[in-house]
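# Report on the structure
Single-letter residue listing:
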Amino acid sequence: MNKLMMKSWFLMIMLLLGQLTLDANAKSKLFDWTPGAPGAGGAHTFAQSSPHDDHLLFSANDMWGFYRSKDGGHNWHIVHIPGGAATFHGLAYDPVKPDRVFLGVSTGFFLTDDRGETWRKIGLPDAIKDRDGPSLITFNPADPQQCIALVQVDGNNYRIVSTDGGLNWSDAGLLPFGKTKVHKLLYDISNPKIMIAGCTNGVYVSEDNGASWEKRMNGISPDRASLISFAGGYSDNRTLLYITTGTRTVDGKLDPGIYRSSNLGKNWNPVGTRGLHTTPTTSGRGLEYALLATPQKVGNVCYVSTWNPGVDPKQDSGFTTVYKTTDGGYNWEPVLFQHPDMKKFNLTNKSWLTGLWGWSEPQLFMNVSSSNPDMVMYCNWVNLIITTNGGKNWFYSDGTLNEDGTIANDPMMVLTVNLYHISPHNPKHHHMSTADFCGWYSRDAGHSWYRSEEGISEPHNIYDIAFDPDVPDRIWAATSRKHDIPQWNFIGRDNVLSHEYVGSIAYSENGGETWRQISEKGL
């Protein structure tokens, strides 16, 4: 084949490839994908802001979603990790490089150097190279090149260490704590060889860079040796530690069970109770002081959340689900009032779940910025809530309720959508069959939503919807109290809860605005 013919063939191939590229680009423009469902209604398992920039946040949920916000939590976008969807384990911001973030997920250990735009995998030591990514990643404040991470291995905590700022990791063996959850791992501010681990089964301290560990629970009675939460931070060149051990009723008053130590756990003392709720509740499951959050660089500030008060918000408008101290635990003030009936209600916007669910439920997590004591992130099971001014007011970061009563679409979706339906009579009438919170309908082709469960006695889940072929607004729905049928990992583990195995066939004559039940016993 002569050179002229080769050039001709090459030119033809390039033109063909160019045409194919143009065709592909043209076709891709036909599909302009946008979020098509509301946010909230599901569990956020983590959120954390950057110590370098309060506007940069990452969040994870229990639906394998991982998200990033570049405006302080007002807007979110999904982050794509190499290897596909994964369960979140742990995240850490590099203390020196503002654009570098470390991420541990079920598909491995990852690193970004561009604030989450792209990610690359970090190699784990050979002994655990096929394991999940780490659940905790901690840097030494005296020497940020030194860092430690914990990887779960059959319920135990396997330690890996780095001496080059997290680029390469080596094997450091199992921690001698047994099969326990490590809530947090800290370096001491005054001695870089001292590490503190707060675990479910106690607080452990190493003074030889992790070669040996000592359990330190002096001052904590044996019946309080199981820790709900652990936090710590630095104040006046010392490390302050906090633990929650469970609330008790003593002599007619609540003992919060919150302790602090200023000598690396050698002694633990109860925090002050001024400002805390110490009157036992007479309903519900009882108040419990639970999760702790302390900014690493401002250890005299600490937040503590409360679980399940069982109070009527109209009767107890002073109840809060977060308390705050700024003097190391001597005095406290309430800073979060989630129910709109509370006189001190301090959320600046509304979610479609406001006042309905979550306002007094156990929290899944609470985090505070390591450098800014006023930046706190909190999940109440169904919403991500954020404050940027130390709790003076908060805002719902997802599930926004518009002023006209519609519910906005949200890129940070945590609802389980079983099926999506478009009416054959009107292409602008859309419906979703969802888990946990059902009754979704749209009148503008899915750009915004309404939700109604009126008339359904067990309204948690809708599995399918059928449209009447002749009557435009008549629809039928299959409902159940039980979600995720037929996933047997949900059904088999709690089959004794027979009250959940109820449902109905329901129908609506007005396109989902109200419902009537044909049967309350299902099929």
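Scroll up to find the structure.
Below is a short write-up of the structure. Here the structure is a predicted model, which means the values were calculated and not measured. Each chain carries its own residue numbering, running from 1 in the written order of its sequence. Whole-chain, interface and lining totals are the exception, using all residues; otherwise, since this is a predicted model, local features are given only for residues with pLDDT of at least 70 and side-chain atom pairs are given and counted only at 80 or more. Based on all heavy atoms of the structure, the side-chain values leave hydrogens and waters out of the count.

### Notes on unusual backbone geometry
- One non-glycine residue, Ala40, lies in the positive phi region at around 70°.
- Residue position: Ala40 is located in the loop between α1 (3-28) and β1 (44-49).
- The classification of residues rests on relative accessible area computed with a 1.4 Å probe and restricted to protein chains. Under 20% of the type maximum is buried, over 50% is exposed, and intermediate values are partly exposed. Using a relative accessible area of 0% as the deciding quantity, one classes Ala40 as buried.
- Phi is positive for Asp236, which is not a glycine, with a value near 50°. Where helices and strands are cited, they refer to DSSP runs of H or I of at least four residues and of E of at least two residues respectively, numbered from the N terminus.

### Observations regarding the sheet that holds strand β24 (residues 302-307)
- A pair of strands is labelled paired if DSSP reports no fewer than 2 bridges between them. The strand order across the open sheet formed by 4 strands is β23-β24-β25-β26, and the pairing between neighbours is antiparallel. Here the strands that pair on one side only, and so sit at the sheet edges, are β23 (288-293) and β26 (333-334).
- Bridge analysis of β24 against strand β25 (residues 322-325) gives 4 bridges, and the strand direction is antiparallel. Bridge pairing in β25 links Tyr303 to Lys324.

### Things to note about the pairing of strand β2 (residues 57-61)
- Taking burial as the measure, the 5 residues of β2 include 5 buried ones, the bulk of the element.
- Where β2 and strand β3 (residues 66-69) come together, 4 bridges link them in antiparallel fashion. Paired with Ala60 across the two strands is Phe66, which belongs to β3.
- Linking β2 to β3, which pair antiparallel, is a turn of 4 residues; within it Trp64 sits at a positive phi near 70°.

### Overview of the sheet that holds strand β32 (residues 417-422)
- Read across the open sheet, the 5 strands follow the order β31-β35-β34-β33-β32; overall the sheet is antiparallel. Both outer strands of the open sheet, β31 (407-408) and β32, are each paired with one neighbouring strand and no more.
- Taken together, the 5 bridges between β32 and strand β33 (residues 430-434) define a ladder with antiparallel strand orientation. Paired with Val417 across the bridge in β33 is Thr434.

### Considerations on the environment of Arg451
- Position of Arg451 relative to the elements: it lies in strand β35 (residues 448-451).
- For Arg451, a relative accessible area of 24% gives the class partly exposed.
- Each C-alpha atom of the pair Arg451 and Tyr441 lies 6.2 Å from the other, and the pair is 10 residues apart in sequence.
- Non-local contacts of Arg451, meaning those with residues more than four positions away in its chain, are made with Trp352, Leu356, Ile407, Phe437, Cys438, Gly439, Trp440 and Tyr441.
- Only 3.1 Å separates the side chain of Arg451 from the backbone oxygen of Cys438, close enough to count as a polar contact.
- Polar contact criterion, stated in full: a pair of N or O atoms within 3.5 Å, where within protein one must be able to donate a hydrogen and the other to accept it, and residues adjacent in sequence count only if both atoms are side-chain atoms. Among the polar contacts listed, one links the side chain of Arg451 to the side chain of Glu453, at a separation of 2.4 Å. Residues are treated as being in contact if the distance between any of their heavy atoms lies within 4.5 Å.

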